[in-house]
Amino acid sequence: QVQLVESGGGLVQAGGSLRLSCAASGRTFSMSAMGWFRQAPGKEREFVATISLRAAITWRGINTYYADFAKGRFTISRDNAKNTVYLQMNSLKPEDTAVYYCAAGTVVGMTEEEYAYWGQGTQVTVSS
């Protein structure tokens, strides 16, 4: 089993920044990728970004991948020594308001089905 705990959410004004963290524990050696998803009120959960945890595991040779809305504003990174993945979010917009979930899996994927473990989520609210 893998346990994931997110932190760093909160309330921020439009144009501001937040950094989310996801700390993994348990059988983390079995994981090859970690990703972020989000779910806004009344909407389905959607992919945000993913990162490979191993140099040999990539998606079409790419270590990280972002949803179109995240490109240029969000950056996913990892600290393998701390078993932690981060999501730096800049230039936040009110439409970024959502619960952000961390997920871990064995492939670098962009769908929920490719991730076996999920955190409890952290609320991000962007005011206009």
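Overview of the structure.

Calculation criteria
- Residues numbered from 1 in each chain as written.
- Predicted model: local features only at pLDDT ≥ 70, side-chain atom pairs only at ≥ 80, totals over all residues.
- Heavy atoms only, no water.
- Helix = DSSP H or I, 4+ residues; strand = E, 2+ residues; numbered from the N terminus.
- Rg over C-alpha atoms; globule rule 2.2 N^0.38 Å.
- Buried < 20%, exposed > 50% of the residue type's maximum accessible area, 1.4 Å probe, protein only.
- 1 Å grid on protein atoms, 1.4 Å probe; cavity = no way out; pocket = protein on both sides within 12 Å on 5 of 7 lines; lining within 4 Å.
- Points joined across faces, edges and corners; volume = space filled by probe spheres on them.
- Nonpolar A, V, L, I, M, F, W, Y, C, P; charged D, E, K, R; others polar.
- Pairing = 2+ DSSP bridges.
- Axes fitted to C-alpha atoms, helices over the stretch in contact; angles between N-to-C directions.
- Core = buried A, V, L, I, M, F, W, Y, C linked by side-chain atoms within 4.5 Å.
- Contact = heavy atoms within 4.5 Å.
- Phe/Tyr/Trp six-rings, centres within 6.5 Å; stacked < 30°, edge-to-face > 60°.

Of the regular secondary structure elements, the chain holds zero helices and 11 strands. In the chain, the order of α-helices and β-strands from amino to carboxyl end is β-β-β-β-β-β-β-β-β-β-β. Against the compact-globule benchmark of 14 Å for 128 residues, the chain has a radius of gyration of 14 Å, which places it among compact chains. Taking the principal axes of the C-alpha coordinates as reference, the chain spans close to 40 × 30 × 30 Å. Across the 128 residues of the chain, 45% fall into the buried class.

Computed from the structure, the largest pocket encloses a volume of approximately 180 Å³. Lining the largest pocket are 16 residues, and of these Thr28, Met31, Leu53, Asn80 and Asn83 lie nearest its centre. Contributing elements (two or more residues each) for the lining of the largest pocket: strand E1 (2-7), strand E7 (74-79) and strand E8 (84-89). The class makeup of the residues in the lining of the largest pocket is nine nonpolar, four polar and three charged.

Take the sheet that holds strand E3 (residues 18-26) next. Strands pair in a sheet through their backbones, by hydrogen bonds, and they do so in one of two ways: parallel or antiparallel. Read from one edge to the other, the open sheet built from four strands follows the order E1-E3-E8-E7, with strand pairing classed as antiparallel. The open sheet has two edge strands, E1 and E7, and neither has a second partner. The sheet shows a mean angle of 15° between the axes of neighbouring strands, direction not considered. Across six bridges, the pairing between E3 and E8 is antiparallel. Within E8, the residue paired with Cys22 across the bridge is Val85.

Counting residues in hydrophobic clusters, the biggest one holds 30 residues, and the most contacted among them are Leu4, Met34, Trp36, Leu87, Met89 and Tyr100. Those elements that provide at least two residues to this core are E1, E3, strand E4 (33-39), strand E5 (46-52), E7, E8, strand E9 (98-105) and strand E11 (122-127). The next biggest cluster of nonpolar side chains, apart from the first, holds five residues, and it includes Phe37, Phe47, Ala67 and Ala103.

As for its placement among the helices and strands, Leu87 is situated in strand E8. Between the C-alpha atom of Leu87 and that of Val2, which follows or precedes it by 85 residues, the distance is 19 Å. When sequence neighbours within four positions are dropped, the list of residues in contact with Leu87 reads Leu18, Arg19, Leu20, Trp36, Val48, Ala49, Phe74, Thr75, Ile76 and Tyr100.

We now examine the packing of aromatic side chains. A complete count under the given rule lists six aromatic pairs for this structure. Where Phe37 meets Tyr115, the ring centres are 5.4 Å apart and the plane angle is 75°; that geometry is what we call edge-to-face. Here Tyr115 lies in the loop between E9 and strand E10 (117-118) and Phe37 lies in strand E4, a separation of 78 residues in the sequence. Residues Phe37 and Tyr115 agree in their burial class; the two are buried. When the centroid spacing of 6.4 Å and the interplanar angle of 70° are considered together, the rings of Tyr115 and Trp118 count as edge-to-face. Tyr115 gets classed as buried once you look at its relative accessible area, which sits at 4%. Through a chain of ring-to-ring contacts, three or more aromatic side chains come together here, namely Phe37, Phe47, Tyr65, Tyr115 and Trp118.

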